[in-house]
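Read off the chains here:
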Amino acid sequence: MERRIIHIDMDAFYAQVEQRDNPSYRGKPVIVGGKSASRGVVATASYEARKFGVHSAMPTKQAYKLCPDGIYVRPRFDQYKAVSKQIMDIFLSYTEIVEPLSLDEAYLDITHLVSRDRSAQSVALDIQRDIFDATRLTSSSGVSYNKYLAKIASGMNKPAGTTVIHYDNVQDILFRLDIGDFPGVGRVTEEKMKSLDIHTGEDLYQWSEAALIEQFGKKGASLHQKARGIGTSELKVERVRKSIGKETTFNYDINEDEEILKVIEELCGKVSARLELQQFAGKVVTVKMKTADYVSHTRQMMTNNPVFTEDEIYRYAYSLYHELKDPDVPIRLIGVTVSQLSDRTYRNLTIYDFM
Ligand code: TTP
């Protein structure tokens, strides 16, 4: 039986919580962000602030130039976590098959709740209503027959929207989608797509599977399917995370320290972003590499304090790399993992300064 998947995402999550808790912020441009010792970035901006061009991950300095009259506030993670717990409990009251992606979004498989008398969209609306009743916050939902289409759908009518992608409209929607908006197409893949003149789903659709595999490796097959609305991946329900790691396999063996360290830095950035989303920090950093003959080597190090920023993780990864790497042996794969995770809310509150 065909599945019915809902993706639910809170609207401008941190900013909305701030506007809920501070009535004087409502209807105004609110920018939630941190200013750490080295860099300050916007975590999110209210929809009013987005009109000025302010968005997540933008340096606070730049946001301030675009929107000098905005209300700049520090994140209050314990509030966001409390809301997150409320919404996750609501999800679980509908289905056990819930895959949270971050504090404010999740996939739900609600196939079993759908019947002749109850559409998947009406289940989504019920969940959104329950969330609003419990938290006074709006969310948006996407409904479809697989995960990535549900995710695309939830972004189509924000805020407080619901969108259904079904067989009749799927190809039309995918054709018009910017290539960077395909789930799974990160910044690097997006750049490469653009250099190949692939700007939309329609451009992607024109490519054969073989040609995509040639350009993008294993990912090529999944891209070919995604362009056609095909996706079968299951929800990942088991979420007790023990570690967060990222790795890259090269298309060829590489031996240049500089080149490898650049990739390590990128991996550290990705691991850090993941830790950020889940508000974790970890006490152990591991570097793994596979040499050209596919033999794996790993080395790990206990950190002085739990780490989560890109710089901190990179500092450990850098020395682990030098301990592991034989200058004469090229490598095929490199990975960085942070483990022994703990909650970092309290530490966070101390590293953020007031704007
Ligand atoms: P998102 O769901 O990506 O975005 P959003 O909820 O702010 O807005 P939208 O309505 O467009 O979905 O992120 C959820 C929260 O995670 C966001 O409110 C703040 C935090 N976050 C960061 O701290 N840094 C980031 O770079 C991003 C993208 C999000």
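Everything below is about the structure shown above.
Residues numbered from 1 in each chain as written. Predicted model: local features only at pLDDT ≥ 70, side-chain atom pairs only at ≥ 80, totals over all residues. Heavy atoms only, no water.

Enquirer: Lay out unusual backbone geometry with the relevant residues and their values.
Expert: Across the junction of Lys 158 and Pro 159, the peptide omega takes the value -10 degrees, indicating a cis bond. Among the secondary structure elements, Pro 159 is positioned in the loop between α6 (147-154) and β8 (162-164). Located in the positive-phi region is Arg 136, a residue other than glycine, with phi close to 65 degrees. Phi angles above zero are rare outside glycine, and Ala 160 is one such case at about 55 degrees. Counting through the fold element by element, Ala 160 comes out in the loop between α6 and β8. (Helix = DSSP H or I, 4+ residues; strand = E, 2+ residues; numbered from the N terminus.)

Enquirer: So what about the environment of Leu 277? Which residues, and what values?
Expert: Inspection of the secondary structure assignment puts Leu 277 in helix α12 (residues 257-278). Considered as a pair, Leu 277 and Glu 99 are 178 residues apart in the sequence and their alpha carbons are 14 Å apart. With residues up to four places along the chain from it excluded, the contact list for Leu 277 reads Ser 102 and Leu 103. (Contact = heavy atoms within 4.5 Å.)

Enquirer: A description of the environment of Ala 63 should follow, citing residues and the corresponding values.
Expert: Tracing the chain through its elements places Ala 63 in helix α3 (residues 60-66). The spatial distance from the C-alpha of Ala 63 to the C-alpha of Ala 49 is 9.1 Å, given a sequence separation of 14 residues. The residues touching Ala 63, leaving out its near neighbours within four places in the chain, are Val 42, Val 54, Met 58 and Tyr 72.

Enquirer: Quick one: what's the story with a positive patch on the surface, residue by residue and with numbers?
Expert: Residues Arg 187, Lys 219, Lys 246 and Lys 270 make up a contiguous surface patch of positive charge. Classification of Arg 187 as exposed rests on a relative accessible area of 61%. (Patch = residues over 30% accessible without salt bridge, like charges linked within 9 Å, V, L, I, M, F, W, Y side chains within 5 Å. Areas by Shrake-Rupley, 256 points an atom, 1.4 Å probe, with all protein chains shown as cover. Salt bridge = Lys/Arg side-chain N within 4 Å of Asp/Glu carboxyl O. Lys, Arg positive; Asp, Glu negative; His and termini not counted. Charge placed at Lys NZ, Arg CZ, Asp CG, Glu CD. Buried < 20%, exposed > 50% of the residue type's maximum accessible area, 1.4 Å probe, protein only.)

Enquirer: With reference to specific residues and values, describe helix α11 (residues 219-226).
Expert: Those residues of α11 that sit buried are Gly 220, Leu 223, His 224 and Lys 226. The buried side chains of α11 occupy one side of the element, clustering within an arc of 165 degrees when seen end-on. Looking at the buried positions of α11, the neighbouring elements they touch are α6, α7 (170-176), α8 (187-195), α9 (201-205) and α10 (209-216). (Arc of directions from axis to C-beta.)

Enquirer: Describe the site of the ligand, and please don't skip the residues or the numbers.
Expert: Taken together, 13 residues are adjacent to the ligand, and Ala 12, Phe 13, Thr 44, Tyr 47 and Arg 50 come closest. Contact between the ligand and Tyr 14: an oxygen atom at 3.0 Å from a main-chain N or O atom of the residue. Asp 104 places a polar side-chain atom, nitrogen or oxygen, 3.3 Å from an oxygen atom of the ligand. Contact with the protein chains hides 75% of the accessible area of the ligand, taken as 560 Å² for the molecule alone. Secondary structure elements with two or more residues in the shell around the ligand: β1 (5-10), α1 (13-21), β3 (40-45) and α2 (47-50). (Near = heavy atom within 4 Å. Polar contact = N/O pair within 3.5 Å; in protein donor to acceptor, adjacent residues only side chain to side chain.)

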